[in-house]
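# Secondary and tertiary structure notes
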Amino acid sequence: MKKFVLLALVAVVLYSCGKKGNDRGELVGVKGKKWHPEKPYGMTRVPGGAFIMGKSDDDRPALQDAPTKTVTVRSFYMDETEITNSEYRQFVFWVRDSIIRTRLAILADELGETDPTAEGTIAEFAFKDADTTEISVWDQYMYDNYYSLMDGYEGRKLNKDVDLVLDTNEFPDEYYAEVMDTMYLPIEESYNGQRTWDVSKFVFRYKWLDIEAAAYAKNKGKRRRDFIQTDTVAVYPDTTVWIRDFAYSYNEPMHNDYFWHEAYGPYPVVGVSWQQAKAFCEWRWLYKNGYQKSKKRQNVNRFRLPTEAEWEYAARGGLSSGAFPWGGPYAKNDRGCFMANFKPLRGDYAADQALYTVEADAFEPNDYNLYNMAGNVSEWTESSYDPGSYEYMSTMNPNVNDKTNKRRVTRGGSWKDVAYFLQVSTRDYEYADSARSYIGFRTVQDYLGTEVTKNQYGKR
(Lines give C-alpha, C1' and ligand atoms only; values in the text may rest on other atoms or scores of the structure.)
Protein backbone atom coordinates (compact mmCIF):
# COMPACT_ATOMS: atom_id res chain seq x y z
CA MET A 1 0.00 0.00 0.00
CA LYS A 2 2.84 2.40 0.86
CA LYS A 3 4.47 1.60 -2.46
CA PHE A 4 1.24 2.48 -4.29
CA VAL A 5 0.86 5.83 -2.47
CA LEU A 6 4.49 6.72 -3.22
CA LEU A 7 4.01 5.99 -6.93
CA ALA A 8 0.88 8.11 -6.97
CA LEU A 9 2.70 11.08 -5.39
CA VAL A 10 5.57 10.76 -7.87
CA ALA A 11 3.09 10.72 -10.74
CA VAL A 12 1.37 13.91 -9.47
CA VAL A 13 4.71 15.68 -9.08
CA LEU A 14 5.88 14.62 -12.53
CA TYR A 15 2.58 15.72 -14.08
CA SER A 16 2.60 19.12 -12.40
CA CYS A 17 6.28 19.72 -13.19
CA GLY A 18 6.05 18.54 -16.76
CA LYS A 19 2.74 20.23 -17.57
CA LYS A 20 3.15 22.78 -20.35
CA GLY A 21 2.82 26.35 -19.09
CA ASN A 22 2.87 25.34 -15.40
CA ASP A 23 1.65 28.32 -13.37
CA ARG A 24 3.12 27.08 -10.06
CA GLY A 25 -0.18 27.97 -8.42
CA GLU A 26 0.14 31.63 -9.38
CA LEU A 27 -2.43 33.91 -11.01
CA VAL A 28 -0.93 34.21 -14.50
CA GLY A 29 -4.06 34.64 -16.59
CA VAL A 30 -5.25 32.71 -19.62
CA LYS A 31 -3.09 33.01 -22.68
CA GLY A 32 -4.82 33.09 -26.05
CA LYS A 33 -3.36 32.85 -29.51
CA LYS A 34 -0.45 35.16 -30.14
CA TRP A 35 -1.60 38.40 -31.66
CA HIS A 36 0.63 40.11 -34.20
CA PRO A 37 -0.72 43.56 -35.15
CA GLU A 38 -0.99 43.77 -38.90
CA LYS A 39 -1.69 46.91 -40.91
CA PRO A 40 -4.58 46.06 -43.22
CA TYR A 41 -3.69 46.08 -46.91
CA GLY A 42 -4.16 49.49 -48.53
CA MET A 43 -4.86 51.23 -45.22
CA THR A 44 -3.02 53.73 -43.07
CA ARG A 45 -3.12 54.09 -39.30
CA VAL A 46 -4.72 57.24 -37.95
CA PRO A 47 -3.56 57.86 -34.35
CA GLY A 48 -6.36 58.69 -31.98
CA GLY A 49 -6.54 62.02 -30.22
CA ALA A 50 -8.51 65.18 -29.60
CA PHE A 51 -9.31 67.91 -32.10
CA ILE A 52 -11.65 70.84 -32.62
CA MET A 53 -14.46 69.57 -34.81
CA GLY A 54 -16.55 72.05 -36.75
CA LYS A 55 -16.17 75.20 -38.81
CA SER A 56 -12.65 76.57 -39.04
CA ASP A 57 -13.85 79.65 -40.94
CA ASP A 58 -16.94 81.80 -41.22
CA ASP A 59 -20.20 79.93 -41.73
CA ARG A 60 -20.99 81.81 -44.93
CA PRO A 61 -24.12 79.85 -45.89
CA ALA A 62 -25.35 80.38 -42.30
CA LEU A 63 -26.29 76.71 -41.96
CA GLN A 64 -25.23 76.65 -38.31
CA ASP A 65 -24.89 72.86 -38.45
CA ALA A 66 -21.20 72.60 -37.52
CA PRO A 67 -20.33 74.71 -34.45
CA THR A 68 -16.87 74.09 -33.03
CA LYS A 69 -16.59 71.38 -30.43
CA THR A 70 -13.63 69.56 -28.90
CA VAL A 71 -13.99 65.80 -29.39
CA THR A 72 -11.73 62.78 -29.03
CA VAL A 73 -11.59 59.71 -31.28
CA ARG A 74 -9.79 56.41 -30.82
CA SER A 75 -7.11 55.10 -33.19
CA PHE A 76 -8.24 53.42 -36.38
CA TYR A 77 -7.08 52.34 -39.81
CA MET A 78 -8.51 54.03 -42.91
CA ASP A 79 -8.27 53.22 -46.60
CA GLU A 80 -5.63 55.39 -48.21
CA THR A 81 -7.89 55.88 -51.20
CA GLU A 82 -11.57 55.73 -51.99
CA ILE A 83 -12.76 52.22 -52.84
CA THR A 84 -12.06 51.79 -56.54
CA ASN A 85 -14.06 50.21 -59.34
CA SER A 86 -11.57 47.35 -59.40
CA GLU A 87 -11.93 46.70 -55.67
CA TYR A 88 -15.72 46.89 -55.76
CA ARG A 89 -15.79 44.55 -58.77
CA GLN A 90 -14.04 41.95 -56.61
CA PHE A 91 -17.04 42.15 -54.29
CA VAL A 92 -19.56 41.96 -57.15
CA PHE A 93 -17.81 39.00 -58.80
CA TRP A 94 -17.57 37.15 -55.46
CA VAL A 95 -21.32 37.58 -54.95
CA ARG A 96 -22.06 36.50 -58.53
CA ASP A 97 -19.83 33.43 -58.30
CA SER A 98 -21.25 32.43 -54.91
CA ILE A 99 -24.79 32.56 -56.32
CA ILE A 100 -23.75 30.44 -59.31
CA ARG A 101 -22.06 27.88 -57.06
CA THR A 102 -25.12 27.75 -54.81
CA ARG A 103 -27.46 27.16 -57.73
CA LEU A 104 -25.18 24.48 -59.14
CA ALA A 105 -24.96 22.74 -55.76
CA ILE A 106 -28.74 22.81 -55.27
CA LEU A 107 -29.41 21.37 -58.72
CA ALA A 108 -26.76 18.67 -58.20
CA ASP A 109 -28.42 17.82 -54.88
CA GLU A 110 -31.86 17.58 -56.48
CA LEU A 111 -30.54 15.38 -59.29
CA GLY A 112 -28.57 13.16 -56.94
CA GLU A 113 -25.37 14.09 -58.77
CA THR A 114 -23.10 14.18 -55.74
CA ASP A 115 -20.03 12.18 -56.79
CA PRO A 116 -17.12 14.67 -56.56
CA THR A 117 -14.96 12.43 -58.74
CA ALA A 118 -17.33 12.75 -61.71
CA GLU A 119 -15.23 15.27 -63.58
CA GLY A 120 -16.82 17.30 -66.33
CA THR A 121 -20.29 17.20 -64.79
CA ILE A 122 -22.37 19.30 -62.44
CA ALA A 123 -21.52 16.81 -59.67
CA GLU A 124 -18.17 18.58 -59.25
CA PHE A 125 -20.05 21.51 -57.72
CA ALA A 126 -22.14 19.52 -55.22
CA PHE A 127 -22.19 20.62 -51.58
CA LYS A 128 -19.08 19.54 -49.72
CA ASP A 129 -21.10 17.60 -47.16
CA ALA A 130 -22.52 15.44 -49.97
CA ASP A 131 -19.36 13.34 -49.60
CA THR A 132 -19.32 12.53 -45.87
CA THR A 133 -15.84 11.01 -46.07
CA GLU A 134 -14.35 14.45 -46.70
CA ILE A 135 -15.99 16.51 -43.94
CA SER A 136 -15.03 16.99 -40.30
CA VAL A 137 -16.84 15.43 -37.35
CA TRP A 138 -18.25 18.85 -36.48
CA ASP A 139 -19.62 19.45 -39.98
CA GLN A 140 -21.17 15.98 -40.00
CA TYR A 141 -22.78 16.66 -36.61
CA MET A 142 -24.17 20.02 -37.79
CA TYR A 143 -25.51 18.44 -40.98
CA ASP A 144 -27.20 15.59 -39.11
CA ASN A 145 -28.73 17.79 -36.40
CA TYR A 146 -29.39 21.16 -38.01
CA TYR A 147 -28.84 21.62 -41.73
CA SER A 148 -30.84 18.56 -42.78
CA LEU A 149 -33.82 19.84 -40.76
CA MET A 150 -33.95 23.26 -42.45
CA ASP A 151 -36.25 24.07 -45.33
CA GLY A 152 -33.45 25.64 -47.36
CA TYR A 153 -29.72 25.04 -47.66
CA GLU A 154 -28.48 27.36 -44.92
CA GLY A 155 -25.11 26.42 -43.50
CA ARG A 156 -24.13 23.89 -46.14
CA LYS A 157 -20.67 24.49 -47.54
CA LEU A 158 -20.02 25.17 -51.20
CA ASN A 159 -17.24 23.45 -53.08
CA LYS A 160 -14.89 26.25 -54.06
CA ASP A 161 -12.02 23.95 -54.99
CA VAL A 162 -13.29 23.68 -58.55
CA ASP A 163 -13.08 26.72 -60.84
CA LEU A 164 -16.26 28.02 -62.41
CA VAL A 165 -16.56 27.88 -66.18
CA LEU A 166 -17.84 31.18 -67.60
CA ASP A 167 -17.09 30.55 -71.27
CA THR A 168 -20.30 29.27 -72.88
CA ASN A 169 -18.26 27.12 -75.25
CA GLU A 170 -16.78 25.15 -72.35
CA PHE A 171 -19.80 24.39 -70.15
CA PRO A 172 -19.35 20.80 -68.85
CA ASP A 173 -22.94 19.53 -69.28
CA GLU A 174 -26.52 20.61 -69.98
CA TYR A 175 -27.34 21.01 -66.28
CA TYR A 176 -24.49 23.47 -65.89
CA ALA A 177 -25.80 25.37 -68.93
CA GLU A 178 -29.29 25.37 -67.40
CA VAL A 179 -28.03 27.06 -64.25
CA MET A 180 -25.96 29.60 -66.15
CA ASP A 181 -28.96 30.47 -68.32
CA THR A 182 -30.79 31.66 -65.20
CA MET A 183 -28.02 34.18 -64.52
CA TYR A 184 -28.38 35.99 -67.85
CA LEU A 185 -31.01 38.42 -69.05
CA PRO A 186 -33.77 36.71 -71.08
CA ILE A 187 -33.10 36.40 -74.80
CA GLU A 188 -35.88 38.86 -75.59
CA GLU A 189 -34.00 41.49 -73.54
CA SER A 190 -30.70 40.91 -75.35
CA TYR A 191 -29.54 42.43 -78.61
CA ASN A 192 -26.68 42.16 -81.09
CA GLY A 193 -26.32 38.49 -80.19
CA GLN A 194 -24.99 39.23 -76.70
CA ARG A 195 -26.29 37.61 -73.51
CA THR A 196 -25.47 39.86 -70.59
CA TRP A 197 -25.61 39.21 -66.85
CA ASP A 198 -28.85 39.88 -65.03
CA VAL A 199 -27.22 42.04 -62.36
CA SER A 200 -30.44 42.27 -60.36
CA LYS A 201 -29.65 38.72 -59.22
CA PHE A 202 -26.31 39.74 -57.70
CA VAL A 203 -27.69 39.88 -54.17
CA PHE A 204 -25.66 39.73 -50.95
CA ARG A 205 -27.41 38.47 -47.82
CA TYR A 206 -25.78 38.85 -44.44
CA LYS A 207 -26.63 38.91 -40.74
CA TRP A 208 -25.44 41.30 -38.09
CA LEU A 209 -25.99 41.87 -34.38
CA ASP A 210 -27.51 45.20 -33.36
CA ILE A 211 -25.34 45.64 -30.28
CA GLU A 212 -26.59 49.15 -29.52
CA ALA A 213 -30.23 48.03 -29.40
CA ALA A 214 -29.26 45.01 -27.30
CA ALA A 215 -27.38 47.20 -24.81
CA TYR A 216 -30.37 49.50 -24.23
CA ALA A 217 -32.77 46.57 -24.00
CA LYS A 218 -30.79 44.77 -21.30
CA ASN A 219 -32.87 43.01 -18.65
CA LYS A 220 -36.07 43.50 -20.66
CA GLY A 221 -36.68 39.83 -21.28
CA LYS A 222 -35.25 39.77 -24.79
CA ARG A 223 -32.71 37.27 -26.05
CA ARG A 224 -29.70 37.61 -28.30
CA ARG A 225 -31.61 36.27 -31.30
CA ASP A 226 -34.04 39.20 -31.04
CA PHE A 227 -31.27 41.56 -32.11
CA ILE A 228 -29.84 39.57 -35.02
CA GLN A 229 -30.77 41.42 -38.19
CA THR A 230 -30.74 40.13 -41.76
CA ASP A 231 -30.05 42.47 -44.67
CA THR A 232 -30.39 41.61 -48.34
CA VAL A 233 -28.70 44.01 -50.73
CA ALA A 234 -28.42 44.09 -54.52
CA VAL A 235 -24.74 44.93 -54.90
CA TYR A 236 -24.31 46.06 -58.51
CA PRO A 237 -23.78 49.83 -58.77
CA ASP A 238 -26.47 51.93 -60.37
CA THR A 239 -24.73 52.99 -63.57
CA THR A 240 -27.75 55.02 -64.72
CA VAL A 241 -26.77 57.76 -62.24
CA TRP A 242 -24.51 59.22 -64.88
CA ILE A 243 -27.58 60.03 -66.94
CA ARG A 244 -30.18 60.73 -64.25
CA ASP A 245 -27.97 63.10 -62.22
CA PHE A 246 -27.53 65.45 -65.17
CA ALA A 247 -30.61 66.22 -67.24
CA TYR A 248 -30.03 67.43 -70.79
CA SER A 249 -26.42 66.22 -70.71
CA TYR A 250 -24.62 63.58 -72.77
CA ASN A 251 -22.98 61.15 -70.35
CA GLU A 252 -23.76 57.80 -71.97
CA PRO A 253 -20.07 56.80 -72.31
CA MET A 254 -19.74 56.98 -68.51
CA HIS A 255 -22.92 54.94 -68.09
CA ASN A 256 -21.67 52.30 -70.52
CA ASP A 257 -18.03 51.96 -69.45
CA TYR A 258 -17.21 53.54 -66.09
CA PHE A 259 -17.77 50.59 -63.77
CA TRP A 260 -16.78 47.54 -65.78
CA HIS A 261 -14.07 48.73 -68.21
CA GLU A 262 -10.51 48.25 -66.97
CA ALA A 263 -9.61 51.75 -68.15
CA TYR A 264 -11.53 52.99 -65.10
CA GLY A 265 -10.33 50.26 -62.73
CA PRO A 266 -8.30 52.59 -60.44
CA TYR A 267 -11.04 55.24 -60.36
CA PRO A 268 -13.42 55.52 -57.36
CA VAL A 269 -16.62 53.51 -57.57
CA VAL A 270 -19.81 55.59 -57.70
CA GLY A 271 -23.49 54.78 -58.02
CA VAL A 272 -23.29 52.95 -54.69
CA SER A 273 -25.90 53.61 -52.00
CA TRP A 274 -25.18 53.75 -48.28
CA GLN A 275 -26.67 50.27 -47.88
CA GLN A 276 -24.39 48.90 -50.60
CA ALA A 277 -21.36 50.51 -48.96
CA LYS A 278 -22.34 48.87 -45.67
CA ALA A 279 -22.73 45.50 -47.43
CA PHE A 280 -19.25 45.89 -48.93
CA CYS A 281 -17.80 46.47 -45.46
CA GLU A 282 -19.49 43.33 -44.16
CA TRP A 283 -18.25 41.26 -47.12
CA ARG A 284 -14.70 42.55 -46.73
CA TRP A 285 -14.71 41.49 -43.08
CA LEU A 286 -16.12 38.03 -43.86
CA TYR A 287 -13.72 37.58 -46.76
CA LYS A 288 -10.64 38.49 -44.71
CA ASN A 289 -11.65 36.31 -41.78
CA GLY A 290 -12.23 33.39 -44.11
CA TYR A 291 -8.54 33.64 -44.98
CA GLN A 292 -7.59 34.10 -41.31
CA LYS A 293 -9.46 30.93 -40.41
CA SER A 294 -7.74 28.94 -43.16
CA LYS A 295 -4.37 29.98 -41.68
CA LYS A 296 -5.50 29.31 -38.08
CA ARG A 297 -5.07 32.97 -37.18
CA GLN A 298 -7.22 35.21 -35.00
CA ASN A 299 -10.07 37.08 -36.62
CA VAL A 300 -9.60 40.72 -37.51
CA ASN A 301 -11.86 43.57 -36.47
CA ARG A 302 -14.80 44.58 -38.61
CA PHE A 303 -14.45 46.85 -41.58
CA ARG A 304 -17.02 49.63 -41.46
CA LEU A 305 -17.82 53.12 -42.65
CA PRO A 306 -16.14 55.94 -40.70
CA THR A 307 -18.16 58.04 -38.32
CA GLU A 308 -18.48 61.70 -39.21
CA ALA A 309 -16.00 62.65 -36.47
CA GLU A 310 -13.46 60.04 -37.60
CA TRP A 311 -13.72 61.24 -41.18
CA GLU A 312 -13.10 64.88 -40.29
CA TYR A 313 -10.28 63.98 -37.90
CA ALA A 314 -8.56 61.91 -40.59
CA ALA A 315 -9.15 64.54 -43.29
CA ARG A 316 -7.41 67.18 -41.22
CA GLY A 317 -4.26 65.03 -41.23
CA GLY A 318 -3.07 66.32 -37.87
CA LEU A 319 -3.43 70.00 -38.80
CA SER A 320 -5.44 72.15 -36.42
CA SER A 321 -8.00 74.63 -37.73
CA GLY A 322 -7.17 74.09 -41.40
CA ALA A 323 -9.90 74.70 -43.95
CA PHE A 324 -8.69 71.93 -46.29
CA PRO A 325 -6.76 68.67 -45.81
CA TRP A 326 -3.58 70.48 -46.90
CA GLY A 327 -4.18 73.34 -44.44
CA GLY A 328 -5.62 76.24 -46.32
CA PRO A 329 -7.25 78.54 -46.92
CA TYR A 330 -6.65 78.25 -50.68
CA ALA A 331 -7.44 75.48 -53.19
CA LYS A 332 -4.20 76.18 -55.12
CA ASN A 333 -0.58 75.58 -54.17
CA ASP A 334 2.29 78.06 -54.45
CA ARG A 335 2.75 77.14 -58.11
CA GLY A 336 -0.84 77.94 -58.99
CA CYS A 337 -1.92 74.29 -59.37
CA PHE A 338 -5.22 73.08 -57.97
CA MET A 339 -4.88 70.74 -55.00
CA ALA A 340 -7.96 68.63 -55.66
CA ASN A 341 -10.50 67.55 -58.27
CA PHE A 342 -13.56 69.80 -58.06
CA LYS A 343 -15.41 72.53 -60.02
CA PRO A 344 -13.12 75.57 -59.81
CA LEU A 345 -13.39 79.11 -61.12
CA ARG A 346 -16.81 79.83 -62.63
CA GLY A 347 -17.67 76.24 -63.40
CA ASP A 348 -14.64 75.22 -65.48
CA TYR A 349 -14.65 71.48 -64.71
CA ALA A 350 -11.46 70.86 -66.66
CA ALA A 351 -9.36 73.63 -65.06
CA ASP A 352 -7.97 71.09 -62.56
CA GLN A 353 -6.98 68.68 -65.35
CA ALA A 354 -10.05 66.46 -64.85
CA LEU A 355 -13.55 66.51 -66.30
CA TYR A 356 -15.14 63.78 -64.18
CA THR A 357 -13.37 61.69 -61.52
CA VAL A 358 -9.63 60.97 -61.42
CA GLU A 359 -7.64 57.95 -60.18
CA ALA A 360 -8.19 57.32 -56.49
CA ASP A 361 -4.52 58.05 -55.72
CA ALA A 362 -4.30 61.24 -57.77
CA PHE A 363 -3.14 64.54 -56.22
CA GLU A 364 -1.01 64.70 -53.08
CA PRO A 365 -2.08 62.88 -49.90
CA ASN A 366 -2.50 64.64 -46.59
CA ASP A 367 -0.17 64.10 -43.63
CA TYR A 368 -1.88 60.79 -42.78
CA ASN A 369 -1.17 59.57 -46.32
CA LEU A 370 -4.85 59.73 -47.27
CA TYR A 371 -5.65 60.64 -50.86
CA ASN A 372 -8.54 62.77 -52.10
CA MET A 373 -10.06 63.57 -48.74
CA ALA A 374 -11.18 66.68 -50.60
CA GLY A 375 -12.80 66.40 -54.01
CA ASN A 376 -13.01 63.56 -56.53
CA VAL A 377 -16.05 61.91 -54.90
CA SER A 378 -17.98 62.69 -51.75
CA GLU A 379 -17.86 59.87 -49.23
CA TRP A 380 -20.50 58.10 -47.19
CA THR A 381 -20.10 58.07 -43.41
CA GLU A 382 -21.82 55.96 -40.78
CA SER A 383 -23.51 58.99 -39.17
CA SER A 384 -27.04 60.26 -39.55
CA TYR A 385 -27.43 63.89 -40.59
CA ASP A 386 -29.06 66.19 -38.05
CA PRO A 387 -28.29 69.94 -38.23
CA GLY A 388 -28.20 70.09 -34.44
CA SER A 389 -26.32 66.87 -33.71
CA TYR A 390 -23.12 68.65 -32.61
CA GLU A 391 -25.07 70.10 -29.68
CA TYR A 392 -25.93 66.76 -28.09
CA MET A 393 -23.47 64.17 -29.40
CA SER A 394 -20.82 62.77 -27.07
CA THR A 395 -17.33 64.25 -26.94
CA MET A 396 -15.81 60.73 -26.88
CA ASN A 397 -16.00 58.91 -30.23
CA PRO A 398 -19.12 60.89 -31.20
CA ASN A 399 -21.60 59.32 -33.59
CA VAL A 400 -25.30 59.91 -34.16
CA ASN A 401 -26.83 56.78 -35.63
CA ASP A 402 -30.58 57.25 -35.80
CA LYS A 403 -32.17 54.32 -37.64
CA THR A 404 -35.32 56.33 -38.31
CA ASN A 405 -33.32 59.08 -40.02
CA LYS A 406 -32.70 58.13 -43.66
CA ARG A 407 -30.30 61.04 -44.25
CA ARG A 408 -26.65 59.99 -44.00
CA VAL A 409 -23.74 62.41 -43.81
CA THR A 410 -21.46 62.68 -46.82
CA ARG A 411 -18.12 64.45 -46.61
CA GLY A 412 -15.32 65.81 -48.77
CA GLY A 413 -17.07 67.24 -51.79
CA SER A 414 -16.73 65.87 -55.31
CA TRP A 415 -15.66 66.53 -58.86
CA LYS A 416 -18.87 68.47 -59.53
CA ASP A 417 -18.79 70.63 -56.35
CA VAL A 418 -17.42 74.09 -55.65
CA ALA A 419 -14.57 74.57 -53.16
CA TYR A 420 -16.85 75.17 -50.17
CA PHE A 421 -17.86 71.50 -50.10
CA LEU A 422 -14.19 70.44 -50.11
CA GLN A 423 -13.57 72.00 -46.70
CA VAL A 424 -12.93 69.42 -43.97
CA SER A 425 -15.70 70.85 -41.77
CA THR A 426 -18.45 71.13 -44.40
CA ARG A 427 -21.36 68.77 -43.84
CA ASP A 428 -23.63 67.43 -46.55
CA TYR A 429 -26.02 64.51 -46.77
CA GLU A 430 -27.82 62.10 -49.06
CA TYR A 431 -30.57 59.55 -48.45
CA ALA A 432 -29.26 56.10 -47.55
CA ASP A 433 -31.08 54.36 -50.40
CA SER A 434 -29.89 56.83 -53.03
CA ALA A 435 -26.93 56.46 -55.38
CA ARG A 436 -25.12 59.28 -57.13
CA SER A 437 -22.44 59.70 -59.77
CA TYR A 438 -20.43 61.79 -57.32
CA ILE A 439 -20.65 59.75 -54.10
CA GLY A 440 -18.29 56.90 -53.19
CA PHE A 441 -16.83 55.68 -49.91
CA ARG A 442 -13.80 54.35 -48.07
CA THR A 443 -13.70 51.98 -45.09
CA VAL A 444 -12.09 51.99 -41.65
CA GLN A 445 -11.11 49.34 -39.11
CA ASP A 446 -10.66 49.87 -35.37
CA TYR A 447 -7.11 49.70 -34.08
CA LEU A 448 -6.61 47.04 -31.41
CA GLY A 449 -4.77 48.76 -28.59
CA THR A 450 -4.39 52.27 -27.23
CA GLU A 451 -0.70 53.06 -27.39
CA VAL A 452 -0.98 55.12 -30.58
CA THR A 453 -2.50 58.50 -29.78
CA LYS A 454 -1.86 62.04 -30.84
CA ASN A 455 -3.15 65.33 -29.51
CA GLN A 456 -3.76 67.79 -32.31
CA TYR A 457 -3.44 70.73 -29.94
CA GLY A 458 0.31 70.15 -29.96
CA LYS A 459 2.94 67.54 -30.64
CA ARG A 460 3.85 65.16 -27.84
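Because the structure is predicted, anything quoted here is derived from the model rather than measured.

### Quick word on the overall build of the protein
Helix and strand counts for the protein stand at ten helices and twelve strands. Here the protein, with 460 residues, has 43% of them falling under the buried criterion. For the protein, the accessible surface area stands at approximately 26,300 Å², while carbon and sulfur atoms represent 52% of it.

### Details of the pattern of salt bridges
Charged atoms that come close allow side chains of opposite charge to pair. Here the structure, examined in full by the defined rule, presents 22 salt bridges. The partner of Glu382 in a salt bridge is Lys278, and the shortest N-O contact between them spans 3.2 Å. Taken together, the residues span a long stretch of sequence, with Glu382 in strand E8 (residues 378-384) and Lys278 in helix H8 (residues 274-294) at a distance of 104 residues. Sharing partners across several salt bridges, the network here consists of Glu308, Glu312, Arg316, Arg411 and Arg427.

### Considering the packing of aromatic side chains
Per the counting criterion, the structure on display carries 36 aromatic pairs. With a centroid separation of 5.6 Å and 80° between ring planes, the pair formed by Phe338 and Phe342 is classed as edge-to-face. On the basis of relative accessible area, Phe342 is assigned to the buried category, the value being 3%. Directly above the ring of Tyr429 sits Arg407, whose terminal nitrogen or CZ lies 4.8 Å from the centroid. In this arrangement the basic side chain of Arg408 is found over the ring face of Trp274, its NZ or CZ atom lying 4.1 Å from the centre.

### Overview of the environment of Ser200
You can see Ser200 is positioned in the loop between helix H4 (174-181) and strand E5 (203-209). The spacing of Ser200 and Leu185 is 15 residues in sequence and 9.5 Å in space, taken between C-alpha atoms. Of the polar contacts made by the side chain of Ser200, one reaches the side chain of Asp198; its length is 2.6 Å.

### Considering the pairing of E8
The buried fraction of E8 is high, at seven of seven residues. Examined bridge by bridge, E8 and strand E11 (residues 439-440) share two bridges and lie parallel to one another. Among the inter-strand pairings, Ser378 is bridged to a residue of E11, identified as Ile439. When E8 meets strand E9 (residues 407-411), the two strands line up antiparallel, connected through three bridges. Paired with Trp380 across the strands is Thr410, a residue of E9.

### Quick word on unusual backbone geometry
Despite not being glycine, Arg24 shows a phi value in the positive range, around 55°. Within the secondary structure layout, Arg24 lies in the loop between helix H1 (2-18) and strand E1 (43-46). Exposure remark for Arg24: the relative accessible area of 72% places this residue in the exposed category.

### Section: the environment of Ile52
With respect to the secondary-structure elements, Ile52 resides in strand E2 (residues 49-53). Separated by 17 residues in sequence, Ile52 and Lys69 have C-alpha atoms that sit 5.4 Å apart.

### Some thoughts on the pairing of E9
Of all the five residues making up E9, four are buried; the element is thus mostly covered by neighbouring parts of the structure. As paired elements, E9 and strand E10 (residues 428-431) share four bridges and run antiparallel to each other. Paired with Thr410 across the strands is Asp428, a residue of E10.

### A few points about H8
Here H8 contains 21 residues, and its C-alpha end-to-end distance of 31 Å stays within 8% of the 30 Å for a straight helix at 1.5 Å per residue. Along H8, the residues that are buried comprise Trp274, Gln276, Ala277, Ala279, Phe280, Cys281, Glu282, Trp283, Arg284, Trp285, Asn289 and Gln292. Directly beyond the C-terminal end of H8, a positive phi value near 60° is found at Lys296.

### Comments concerning the side chain of Arg96
Note on placement: Arg96 falls in helix H2 (residues 85-111). At 2.9 Å, the side chain of Arg96 and the side chain of Asp97 are in polar contact.

### A word on the sheet that holds E10
Taken in spatial order, the four strands line up as E10-E9-E8-E11 in an open sheet, and their pairing is mixed. In this open sheet, the two strands that pair with only one neighbour each are E10 and E11. Packing against the sheet, H8 makes contact with E8 and E9, and its axis sits at approximately 85° to E8.

### Some words on the nonpolar core
Ranked by internal contacts, the top residues of the largest apolar core, which has 52 residues, are Tyr88, Phe91, Leu104, Phe204, Val235, Trp242 and Phe441. Elements with a minimum of two residues in this core: H2, H4, E5, helix H6 (241-244) and H8. Here this core takes nine residues from H2, the largest share from any one element.

### Regarding the packing of H2 against H4
It is the contact of H2 with H4, at a shortest axis distance of 10 Å, that shows an interaxial angle of 135°. By the angle between their directions, the pair H2 and H4 is classed as oblique. The element H2 and its partner H4 pack so that their crossing is right-handed. Contacts between H2 and H4 involve Ile100, Arg103, Leu104, Leu107 and Leu111 from the former and Tyr175, Tyr176, Glu178, Val179 and Met180 from the latter. For the contact of H2 with H4, the class distribution of residues is eight nonpolar, no polar and two charged.

### A few points about the sheet that holds strand E7 (residues 303-304)
Strand order in the open sheet formed by four strands is E1-E4-E12-E7, and the pairing between neighbours is antiparallel. The open sheet is flanked by E1 and E7, the only strands paired with a single partner. When strand E4 (residues 76-79) meets strand E12 (residues 444-446), the two strands line up antiparallel, connected through three bridges. Its bridge partner lying in E12, Phe76 is registered against Asp446. The sheet strands contacting helix H9 (residues 308-316) are E1, E4, E7 and E12, and the helix crosses E4 at an angle near 75°.

### Thoughts on the environment of Thr72
Within the secondary structure, Thr72 sits in strand E3 (residues 69-73). Spatially, the C-alpha atoms of Thr72 and Ser394 are 9.3 Å apart, while their sequence positions differ by 322 residues. Aside from chain neighbours lying at most four places away, what touches Thr72 is Gly49, Ala50, Thr395, Met396, Asn397 and Pro398.

Parameters at a glance
- Residues numbered from 1 in each chain as written.
- Predicted model: local features only at pLDDT ≥ 70, side-chain atom pairs only at ≥ 80, totals over all residues.
- Heavy atoms only, no water.
- Helix = DSSP H or I, 4+ residues; strand = E, 2+ residues; numbered from the N terminus.
- Buried < 20%, exposed > 50% of the residue type's maximum accessible area, 1.4 Å probe, protein only.
- Areas by Shrake-Rupley, 256 points an atom, 1.4 Å probe, with all protein chains shown as cover.
- Salt bridge = Lys/Arg side-chain N within 4 Å of Asp/Glu carboxyl O.
- Phe/Tyr/Trp six-rings, centres within 6.5 Å; stacked < 30°, edge-to-face > 60°.
- Lys NZ or Arg CZ within 6 Å of the ring centre and 35° of its normal.
- Polar contact = N/O pair within 3.5 Å; in protein donor to acceptor, adjacent residues only side chain to side chain.
- Pairing = 2+ DSSP bridges.
- Expected span 1.5 Å × (residues − 1).
- Contact = heavy atoms within 4.5 Å.
- Axes fitted to C-alpha atoms, helices over the stretch in contact; angles between N-to-C directions.
- Core = buried A, V, L, I, M, F, W, Y, C linked by side-chain atoms within 4.5 Å.
- Parallel < 35°, antiparallel > 145°, perpendicular 65-115°, else oblique.
- Left-handed = near helix turned anticlockwise from the far one by under 90°.
- Nonpolar A, V, L, I, M, F, W, Y, C, P; charged D, E, K, R; others polar.

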